[in-house]
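Here's the letter readout for the chains.
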Amino acid sequence: MSSLHDATTGTERESRGESPVEQDQPLLRVRGLKKHFPVNTGFISSVKLNRSGGFPLTLDDTKVRAVDGVNFDLHSGETFGVVGESGCGKSTLARTLVGLEQPTDGTIVFEGEDISDFDSSSLQQFRKNAQIVFQDPQSSLNPRRKIGSIIADPLEAAGWDKDKRRDRVLELLEDVGLEEDFYNRYPHEFSGGQRQRINLARALSINPDLVIADEPVSGLDMSVQAQILTLMDDLQDEYGLTYLFITHDLSVIRQVADRIAVMYVGDFVEKAPTSKLFAEPHHPYSRALLDAVPNPDPASRDLSAELHGDVPSPSDPPSGCKFHTRCPKIIPPDGFSREEYIEYVTFKTEFDERSVDPTDDPATYFDVSLPRLAQSTVEKAFTLAEDGDWDAAKAELDTHQSVCETAVPDLEQVADASRHTSACHLPDAEREPYTW
Ligand code: SF4
């Protein structure tokens with residue numbers, strides 16, 4: 001067995017001051033990265049009729065903004081975690097970084113060179129250096145091929161001869177904690193955890209510098225998860241790996257990451273060292289995610305923020321701060337309390353989706369009594385919608401808007417905390433201390 005090092009978590013490394021030193025030149029520098037997908041791909045399906053189903057025709061150029069302007073640096077030897085709910089763009093980010101998707105915009109600089117300038121041999125080298133490990137080990141292993149040949153694929157592509165390939169695969173099996181005699185067996189003979197070990201062996205076969213792990217332990221039971229995370233930590237030391245670790249699970253990311261980015265509808269809304277994010281989360285979305293993680297001491301969670309509603313569609317993201325439709329801390333405009341304005345925004349979202357019947361009594365849509373001015377706005381909007389003019393009704397409702405709806409917050413440094421940035425308009429004076 002190769003000498004594997006003691007397992008330590010990212011948070012432990014950070015708290016001991018052992019987090020990787022930030023070099024001037026990161027291994028990976030990502031700036032303004034976007035990946036948008038057209039909603040419709042054919043001409044016929046892209047033709048949009050007007051609301052009454054007739055002319056004039058327009059072309060539907062709606063885009064799914066899966067990744068929408070992401071920036072980060074990833075330094076050699078560190079583990080950078082990306083966390084968020086499903087559908088927030090994490091997997092598209094992973095696929096775009098390793099070239100499985102073509103970026104719509106932005107730059108990816110690897111070891112100081114923009115990968116869009118690579119010739120075919122540099123691109124091939126980059127693809128060897130940046131490997132991806134997916135969530136579902138079953139689907140990424142061909143059931144008709146033996147484990148030995150699956151792990152040897154990248155070696156064969158790199159021109160290794162048969163004997164050398166076999167020796168290397170046996171070494172890799174040992175490194176990931178599998179027996180030599182697994183070489184001639186088939187994927188279906190293994191458990192989920194063993195299959196993920198096989199995937200790791202294949203990813204490491206040609207000594208990459210960067211491994212992007214997309215939900216590598218989701219779907220595994222807790223004890224197997226812990227074993228795979230320990231193995232990945234050991235392999236990081238042994239192979240000198242840099243990880244980009246993607247997950248929806250904050251308890252997992254806390255164990256492995258040195259730094260974490262919280263992603264929401266295509267953007268990073270907060271970036272922080274792991275210990276900082278868990279001790280002093282700044283963004284209301286990060287706080288809401290943390291509140292959803294089981295805590296052994298529920299009494300300490302007296303400031304729980306509730307996440308209501310679904311993640312908005314990336315083809316029609318909310319204006320301003322994309323989190324405003326669900327934010328428990330939205331900044332109300334003049335004349336509203338926060339509680340009233342949360343109700344009003346929830347109603348506006350339902351109205352936009354046309355899940356409101358304009359012949360109903362407007363008051364039935366609210367649990368709190370709105371300010372008088374807003375009541376009259378809602379009544380006017382109902383009348384306009386009943387007359388069929390939903391656009392004018394929506395414009396009427398938009399006479400009351402929060403800064404959270406009208407201005408996109410930038411990722412800015414959180415007061416005197418280096419490497420901690422957050423994108424939120426809420427003044428610090430209105431942000432309660434947080435206990436998790
Ligand atoms: S900018 Fe406004 S809506 Fe967005 S997270 Fe901050 S308080 Fe909430």
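Keep in mind it's a predicted model, so treat the numbers as computed, not measured.

The rules we used
- Residues numbered from 1 in each chain as written.
- Predicted model: local features only at pLDDT ≥ 70, side-chain atom pairs only at ≥ 80, totals over all residues.
- Heavy atoms only, no water.
- Helix = DSSP H or I, 4+ residues; strand = E, 2+ residues; numbered from the N terminus.
- Polar contact = N/O pair within 3.5 Å; in protein donor to acceptor, adjacent residues only side chain to side chain.
- Contact = heavy atoms within 4.5 Å.
- Core = buried A, V, L, I, M, F, W, Y, C linked by side-chain atoms within 4.5 Å.
- Buried < 20%, exposed > 50% of the residue type's maximum accessible area, 1.4 Å probe, protein only.
- Domains from an automatic or database assignment.
- Pairing = 2+ DSSP bridges.
- Axes fitted to C-alpha atoms, helices over the stretch in contact; angles between N-to-C directions.
- Parallel < 35°, antiparallel > 145°, perpendicular 65-115°, else oblique.
- Nonpolar A, V, L, I, M, F, W, Y, C, P; charged D, E, K, R; others polar.
- Phe/Tyr/Trp six-rings, centres within 6.5 Å; stacked < 30°, edge-to-face > 60°.

## A short note on the side chain of histidine 324
Turning to step 1, where the next piece is worked out: Here histidine 324 shows up in the loop between α11 (284–291) and α12 (338–352).
Turning to step 2, where the next piece is worked out: Of note is the side chain of histidine 324, whose polar atom sits 3.0 Å from the backbone oxygen of serine 319.
Turning to step 3, where the next piece is worked out: If sequence neighbours within four positions are ignored, histidine 324 has contacts with Pro318, Ser319, Ile330, Val345, Cys404 and Glu405.

## So, the nonpolar core
Turning to step 1, where the next piece is worked out: Membership of the largest hydrophobic core comes to 79 residues, with the highest contact counts inside it found for Leu235, Leu250 and Phe351.
Turning to step 2, where the next piece is worked out: At 7 residues, the largest contribution of residues to this core is made by helix α8 (residues 222–239).
Turning to step 3, where the next piece is worked out: Two domains each provide a minimum of three residues to this core, namely domain 1 (12–50 + 58–291) and domain 2 (338–401).
Turning to step 4, where the next piece is worked out: Residues within four places of leucine 235 in sequence aside, it is in contact with Asp175, Val176, Leu200, Leu204, Gly240, Leu241 and Tyr243.

## Topic: the pairing of strand β8 (residues 130–133)
Turning to step 1, where the next piece is worked out: Side chains of β8 alternate between two faces, with Ala130 and Ile132 and Gln131 and Val133 buried alike.
Turning to step 2, where the next piece is worked out: Where β8 and strand β9 (residues 210–214) come together, 4 bridges link them in parallel fashion. Residue pairing for β9: isoleucine 132 is matched across the bridge by isoleucine 212.

## Some remarks on the environment of aspartate 398
Turning to step 1, where the next piece is worked out: Looking at the secondary structure, you find aspartate 398 in the loop between α14 (390–397) and α15 (403–406).
Turning to step 2, where the next piece is worked out: Here aspartate 398 falls in the partly exposed class, since its relative accessible area comes to 25%.
Turning to step 3, where the next piece is worked out: Linking aspartate 398 and lysine 348, residues 50 residues apart in sequence, is a C-alpha distance of 8.4 Å.
Turning to step 4, where the next piece is worked out: For aspartate 398, the side chain forms a polar contact with the side chain of lysine 348, separated by 3.2 Å.

## Points about the sheet that holds strand β4 (residues 63–74)
Working definition: the strands of a sheet are paired by backbone hydrogen bonds and lie parallel or antiparallel to each other.
Turning to step 1, where the next piece is worked out: Reading across the sheet, the 4 strands line up as β4-β1-β6-β7 and stay open at both edges, with antiparallel pairing between neighbours. Pairing within the sheet leaves two strands with one partner each, and these edge strands are β4 and β7 (113–114).
Turning to step 2, where the next piece is worked out: For strand β1 (residues 28–38) and strand β6 (residues 105–110), the ladder comprises 5 bridges, and the chain directions are antiparallel. Residue pairing for β6: leucine 28 is matched across the bridge by phenylalanine 110.

## Side note on the packing of helix α13 (residues 372–386) against α14
Turning to step 1, where the next piece is worked out: Close contact between α13 and α14 brings their axes to 8 Å; oriented N to C, the two are set at 170°. On the basis of their axis angle, the class for α13 and α14 is roughly antiparallel. For the pair α13 and α14, contact is made by Thr377, Val378, Lys380, Ala381, Leu384 and Ala385 and by Trp390, Ala392, Ala393, Glu396 and Leu397, respectively.
Turning to step 2, where the next piece is worked out: Along the lines of polarity and charge, the residues of the contact of α13 with α14 split into 8 nonpolar, 1 polar and 2 charged.

## Thoughts on the packing of aromatic side chains
Turning to step 1, where the next piece is worked out: Scanning the entire structure with this criterion turns up 19 aromatic pairs.
Turning to step 2, where the next piece is worked out: With a centroid separation of 5.0 Å and an interplanar angle of 25°, the aromatic rings of phenylalanine 72 and phenylalanine 80 are classed as stacked. Residues phenylalanine 72 and phenylalanine 80 agree in their burial class; the two are buried.
Turning to step 3, where the next piece is worked out: One aromatic cluster is present, built from ring pairs that chain together Phe347, Phe351, Tyr365, Phe366, Phe382 and Trp390.

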